[in-house]
Amino acid sequence: MPVIKTQDRIATMQPGDELEVVCTDPGALNDIPAWSRINGHQVLETTTRDGEYIVVVRVCQE
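Residues numbered from 1 in each chain as written. Predicted model: local features only at pLDDT ≥ 70, side-chain atom pairs only at ≥ 80, totals over all residues. Heavy atoms only, no water.

For clarity, the cut-off: UniProt positions are given in the numbering used here, feature names are shortened, and annotations may be inferred rather than shown by experiment.
The chain is annotated in an unreviewed UniProt entry as Redox protein from Solemya velum gill symbiont. Annotation of the chain in UniProt includes, under Sequence similarities (unreviewed entry), the sentence "Belongs to the sulfur carrier protein TusA family."

## Some remarks on the pattern of salt bridges
Test applied: When a carboxyl oxygen of Asp or Glu lies within 4 Å of a side-chain nitrogen of Lys or Arg, that pair is called a salt bridge. Labels follow the DSSP assignment, with helices taken as runs of H or I lasting at least four residues and strands as runs of E lasting at least two, numbered in each case from the N terminus.
Applying the stated criterion across every chain yields a total of one salt bridge. With a shortest N-O distance of 2.9 Å, Glu18 and Arg58 are connected by a salt bridge. Of this pair, Glu18 sits in strand 1 (residues 18-23) while Arg58 sits in strand 3 (residues 52-58), and the two are 40 residues apart along the sequence.

## Structural notes on the environment of Leu19
Cut-off, in case you're wondering: Contacts: residue pairs with any heavy atoms within 4.5 Å of one another.
Residue position: Leu19 is located in strand 1. Expressed as a C-alpha distance, the spacing of Leu19 and Val56, which sit 37 residues apart in the sequence, is 5.6 Å. In this view, Leu19 contacts Thr6, Arg9, Ile10, Met13, Val55, Val56 and Val57; residues no more than four positions away in its chain are not counted.

This is the structure:
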């Protein structure tokens, strides 16, 4: 679900905007960066904090 929710949110954003995705699915640390590469977006950071997984994505194209 994190990738689908990320995709839906990024579709409403402009190039240069940044999205911080916070979830409890450890797979998101691999899945969101892979989706970002395929779709031309940039992952700025991946972090684990207090049982949550955080991925920061910069929108690079519409």
